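Listed here are the chains, written in short residue letters.
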Protein chains: 2
Amino acid sequence: MFLVRSFILLLAAVVATCHVEPIVLVHGGADTVHPLRVEKRKEGVKNAAMGGYKILKKGGSVVDAVEEAVKIMEEDVKFNAGYGSALNSEGDIEMDACIMVGSNLTSGGVTVVKNVAHPVSLARLVMEKSPHFLLAGEGAKKFAKQHNVPFVPLASLMAEHSKQDFDEYQKNPRKDDLEMGGCGGVGAIAVDAHGRVAAASSTGGRLAKLPGRSSAAAIVGAGLYADDEVGAAVVTGTGESIARYVLAHEIINLMTRGFDAGVATRNAVKGITTRFRKPTGAITVSKNGQVGISFTTDKMAWAYQVRDDVHYGLDDYDHFSEKIKL
Amino acid sequence: MFLVRSFILLLAAVVATCHVEPIVLVHGGADTVHPLRVEKRKEGVKNAAMGGYKILKKGGSVVDAVEEAVKIMEEDVKFNAGYGSALNSEGDIEMDACIMVGSNLTSGGVTVVKNVAHPVSLARLVMEKSPHFLLAGEGAKKFAKQHNVPFVPLASLMAEHSKQDFDEYQKNPRKDDLEMGGCGGVGAIAVDAHGRVAAASSTGGRLAKLPGRSSAAAIVGAGLYADDEVGAAVVTGTGESIARYVLAHEIINLMTRGFDAGVATRNAVKGITTRFRKPTGAITVSKNGQVGISFTTDKMAWAYQVRDDVHYGLDDYDHFSEKIKL
């Protein structure tokens, strides 16, 4: 009797240890301009977090969940990813995306890809159907063709506001084009009940960037990272400083050293902002379901779903939550 | 009198603290096959280390030194970089390179570039003449043209042994092509008397890789890193695992946490080899001039010059040194 009771208690303890409250957390970019447009993103990030969470709830994996959340934002014209991407210096759209799985540290990325509606899904194909971590440009296109990825015309990715931004830029190219909008991109991370994590990112990149310019969103370690032993992070801001600071990996490293998700995220975002003087944002989940959200940009749209609640924010110190009507 | 003496002592202490013994350290790749070819690389790495050191001695910067060392290896047919690059699955040559400066963490990279003799110099142009950290494919080509970089025919990059490897691969494509040769690439790091560091890398990438495949050698944080506050590292092996482990950044992180260059390098190389089961190599210098060299591949050609001595090795536990005849 005593043995049975001990066994049950042990089992309960193990279950309690293993059970993590599943979360899908997304960001919708961290621009410094166009506050009105950014404001509209609140609804968009809520939809994306809930869309990703729905997949988890249906039994999908964390990878399925983050891909779905990013796809929702790629389809939403309000975000600088997929439809609504920023234009490069030639008025063209070249996109970047990446996806990473925390269980085996595998990942796939694409950089400078054109005419695909969902760069994040192409990145997932690279992860699952190629032996490589990153495919660029023409090679990525060839790979997409071989895997029957549908191509879409440039016009179907081009938003009215992206054209306006580009026209404005041409009339008045600012010296520091980093200050222009369209740096943000989108990202999603998820943790499931077993503490498994994944991360995904997608972006149209910087407005008026040179043709061929890669974004941090394509680069594992820079724009995103996921490791079941620690957690997952995805970041947003100026790709040039993010890549050189290796921001997502830095956050995971701080967590490895014992900082919780919130402190690690804040310290890394503060660190990169101090060193590069470029405002930046990041979202993080630990393998235990801790959440970290931090940004030094004016605004960053973020949202996460946990249980039947969606939490979201845009300005510093924002933290709203709503019961989801089922 | 006492004050003057104190001042002199203080000055001597400051000079002693600041003075670091300059070093240029290079690797020539870490292949698991073709031990005979790798053997020949010993002379090549010695030449490269001495060539880079000569630049430092003439008053050049650490960036000039690492660029020169890598250029020497790009010209040397024995290395998988520039002339002598491995062929991709279509028999073409697509190359990657990156360069990073520790003083301000700036960097430049190119991925999937064709028909240039010195990808590392194009990477330096990206660093100095563009606002970006990485240019890919056609965009990188356009940028090169705008900056009058000379183009060379494919034939001038193609070595006899690279063609033979490709023919062999076509006859007998191994299931795990990661085991094939031509994974190595080249890299160089340097520290000057003031403790300033830089890193550079260049590669033709994996034999029979898909067109468009990026190498870790193009990616800051993955293939190389340089930070004057810590040191510099450049790594070699399978780009896919290096990028996903963010190896160079991991080494620098371990050094930040207090490990010396040797231990940090060994621990990180051991860590990636355990996690991905892919043999890997890395070389490191700290801002104080400590050296770290570690590899889990069969062989890795490495060499460094310090004062008038060149040190080098190829197999585990090798450490030869020679006085340089001036």
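Rules and cut-offs
Residues numbered from 1 in each chain as written. Chains lettered and ligands numbered in written order. Predicted model: local features only at pLDDT ≥ 70, side-chain atom pairs only at ≥ 80, totals over all residues. Heavy atoms only, no water. Helix = DSSP H or I, 4+ residues; strand = E, 2+ residues; numbered from the N terminus. Buried < 20%, exposed > 50% of the residue type's maximum accessible area, 1.4 Å probe, protein only. Contact = heavy atoms within 4.5 Å. Areas by Shrake-Rupley, 256 points an atom, 1.4 Å probe, with all protein chains shown as cover. Buried area = accessible area lost by both parts, 1.4 Å probe. Salt bridge = Lys/Arg side-chain N within 4 Å of Asp/Glu carboxyl O. Polar contact = N/O pair within 3.5 Å; in protein donor to acceptor, adjacent residues only side chain to side chain. Nonpolar A, V, L, I, M, F, W, Y, C, P; charged D, E, K, R; others polar. Pairing = 2+ DSSP bridges. Axes fitted to C-alpha atoms, helices over the stretch in contact; angles between N-to-C directions. pLDDT = per-residue confidence, 0-100. Least-squares fit on C-alpha atoms with pLDDT ≥ 70 in both. Parallel < 35°, antiparallel > 145°, perpendicular 65-115°, else oblique. Disulfide = S-S within 2.5 Å. Phe/Tyr/Trp six-rings, centres within 6.5 Å; stacked < 30°, edge-to-face > 60°. Lys NZ or Arg CZ within 6 Å of the ring centre and 35° of its normal. Expected span 1.5 Å × (residues − 1).

1. Some thoughts on the overall build of chain A
Here's step 1: A count of helical and extended segments in chain A gives ten helices and 13 strands.
Here's step 2: Taken across its 326 residues, chain A has 63% of its residues classed as buried.
Here's step 3: Within chain A, contacts between residues separated by at least 24 positions form 66% of all contacts whose residues are at least 6 apart in sequence.
Here's step 4: Carbon and sulfur atoms make up 54% of the accessible area of chain A, which amounts to about 12,700 Å² in all.

2. A short note on the interface of chain A and chain B
Interfaces are often sized by the amount of accessible area the parts lose when they come together.
Here's step 1: Across the contact, 47 residues belong to chain A and 47 residues belong to chain B.
Here's step 2: Interface area for chain A against chain B, summed over the two sides, is near 3,700 Å², with a carbon-plus-sulfur share of 56%.
Here's step 3: Sorting the residues of chain A by area buried against chain B places Phe 133, Arg 244 and Arg 275 of chain A first, and these three jointly supply 20% of that buried surface.
Here's step 4: Applying the counting rule to chain A against chain B returns six salt bridges.
Here's step 5: Of the charged contacts in the structure, one is a salt bridge between Glu 229 of chain A and Arg 275 of chain B, with a shortest N-O distance of 3.5 Å.
Here's step 6: At the junction of chain A with chain B, the criterion picks out 21 residue pairs in polar contact (both at pLDDT 80 or more).
Here's step 7: Listed by contribution, the elements that provide at least two residues to the side of chain A that touches chain B are strand 3 (106–113), strand 4 (134–136), helix 6 (137–146), strand 7 (224–227), helix 8 (239–245), helix 9 (247–256) and helix 10 (261–276) of chain A.
Here's step 8: When its residues are assigned to classes, the side of chain A that touches chain B shows 19 nonpolar, 15 polar and 13 charged.

3. Quick look at the sheet that holds strand 8 (residues 231–237) of chain A
Residue and element names in this part refer to chain A.
Here's step 1: Taken in spatial order, the four strands of this open sheet run 7-8-9-10, and their pairing is antiparallel. A strand with exactly one partner marks an edge of an open sheet, and here the two such strands are strand 7 and strand 10 (291–295). Geometrically, the sheet is characterised by an average inter-axis angle of 5 degrees between neighbouring strands, direction not taken into account.
Here's step 2: Alignment of strand 9 (residues 280–286) against strand 10, held across five bridges, turns out to be antiparallel. Residue pairing for strand 10: Val 285 is matched across the bridge by Val 291.
Here's step 3: Across the face of the sheet, helix 9 comes into contact with strand 7, strand 8 and strand 9 while running at roughly 140 degrees to strand 8.
Here's step 4: Its contacts with the sheet place helix 10 against strand 9 and strand 10, and it is angled at close to 20 degrees to strand 10.

4. Some remarks on the confidence of the model for chain A
Here's step 1: On average, chain A scores 92 in pLDDT, and the residues at 70 or more come to 90%.
Here's step 2: At the level of chain-chain contacts, confidence expressed as ipTM amounts to 0.93, with global pTM at 0.94.

5. So, the relation of the copies chain A and chain B
Here's step 1: Structural alignment of chain A on chain B gives an RMSD of 0.0 Å, achieved by rotating through 180 degrees and translating 0.0 Å along the axis. Given the turn and translation reported, the copies of this chain are related as if by a two-fold rotation axis.

6. Observations regarding the pattern of salt bridges
Residues and elements named next belong to chain A.
Here's step 1: Throughout the structure, instances matching the rule amount to 38 salt bridges over all chains.
Here's step 2: Here Glu 322 ties to Lys 46 by a salt bridge, and the two come within 3.1 Å at their closest N and O atoms. Remark: Lys 46 occurs in helix 3 (residues 41–57) and Glu 322 occurs in strand 13 (residues 320–323); sequence separation between them is 276 residues.
Here's step 3: Classification of Glu 322 as partly exposed rests on a relative accessible area of 32%.
Here's step 4: Connected via shared salt-bridge partners are Asp 64, Glu 67, Arg 124 and Glu 128.

7. A few points about the packing of helix 4 (residues 62–75) of chain A against helix 5 (residues 119–129) of chain A
All names here are of chain A.
Here's step 1: As a packed pair, helix 4 and helix 5 sit with axes 8 Å apart at the nearest point and diverge in direction by 150 degrees. In terms of axis orientation, helix 4 runs roughly antiparallel to helix 5. Contact residues: helix 4 offers Val 63, Asp 64, Glu 67, Val 70, Lys 71 and Glu 74, while helix 5 offers Pro 119, Val 120, Ser 121, Arg 124 and Met 127.
Here's step 2: Residues of the contact of helix 4 with helix 5, tallied by class, amount to five nonpolar, one polar and five charged.

8. Observations regarding the state of the cysteines
Here's step 1: Within the structure shown, the criterion is met by zero disulfides over all chains.
Here's step 2: A disulfide-free cysteine, Cys 98 of chain A has its sulfur positioned 17 Å from the sulfur of Cys 98 of chain B, the nearest such atom.
Here's step 3: Residue class for Cys 98 of chain B comes out buried when judged on its relative accessible area of 1%.

9. Here we look at the packing of aromatic side chains
Residue and element names in this part refer to chain A.
Here's step 1: Under the definition given, this model contains six aromatic pairs over all chains.
Here's step 2: Look at Tyr 245 and Phe 276: their rings are 6.3 Å apart centre to centre, the planes differ by 85 degrees, and that puts the pair in the edge-to-face class. Taken as a pair, Tyr 245 in helix 8 and Phe 276 in helix 10 lie far apart in primary sequence, 31 residues in all.
Here's step 3: The aromatic ring of Tyr 312 is capped on one face by Lys 46, whose charged end is 4.2 Å from the ring centroid.

10. Some remarks on the sheet that holds strand 7 (residues 224–227) of chain B
All names here are of chain B.
Here's step 1: One open sheet holds the four strands; their spatial order is 7-8-9-10, and the pairing between them is antiparallel. Looking at which strands have only one partner, the edges of the open sheet turn out to be strand 7 and strand 10 (291–295). In this sheet, neighbouring strand axes are inclined to one another by 5 degrees on average, regardless of whether the strands run parallel or antiparallel.
Here's step 2: Relative to strand 8 (residues 231–237), strand 7 runs antiparallel, the two sharing four bridges. Residue pairing in the sheet places Ala 226 in a bridge with Ala 232 of strand 8.

11. Considering the environment of Glu 94 of chain B
Residue and element names in this part refer to chain B.
Here's step 1: Position of Glu 94 among the secondary structure elements: in the loop between helix 4 (62–75) and strand 2 (95–101).
Here's step 2: Relative accessible area serves as the criterion here: at 6%, Glu 94 is assigned to the buried category.
Here's step 3: A C-alpha to C-alpha distance of 10 Å links Glu 94 and Leu 157, two positions 63 residues apart in sequence.
Here's step 4: In contact with Glu 94, other than residues within four places in its own chain, are Asn 88, Val 112, Val 113, Lys 114, Gly 204, Lys 209, Leu 210, Pro 211, Gly 212 and Arg 213.

12. Some details on helix 10 of chain A
Residues and elements named next belong to chain A.
Here's step 1: The end-to-end C-alpha distance of helix 10, which contains 16 residues, comes to 22 Å, matching closely the 22 Å that a straight helix rising 1.5 Å per residue would cover.
Here's step 2: Among the residues of helix 10, Ala 261, Gly 262, Ala 264, Thr 265, Ala 268, Val 269, Gly 271, Ile 272, Thr 273 and Phe 276 are the ones counted as buried.
Here's step 3: Next to the buried residues of helix 10 lie helix 8, helix 9, strand 9 and strand 10.
Here's step 4: Regarding helix 10, its N-cap is Asp 260, as a side-chain oxygen of that residue lies 3.0 Å from the backbone nitrogen of Gly 262 further along.
Here's step 5: Taken from the residues just after helix 10, Arg 277 is the one with a positive phi, measuring 55 degrees.

13. Observations regarding unusual backbone geometry
Here's step 1: Unlike most non-glycine residues, Tyr 317 of chain A shows phi in positive territory, near 70 degrees.
Here's step 2: Inspection of the secondary structure assignment puts Tyr 317 of chain A in the loop between strand 12 (309–315) and strand 13.
Here's step 3: Tyr 317 of chain A sits in the exposed class, given a relative accessible area of 79%.
Here's step 4: One non-glycine residue, Val 112 of chain B, lies in positive phi territory at about 60 degrees.
Here's step 5: Mapped onto the fold, Val 112 of chain B is located in strand 3 (residues 107–113).

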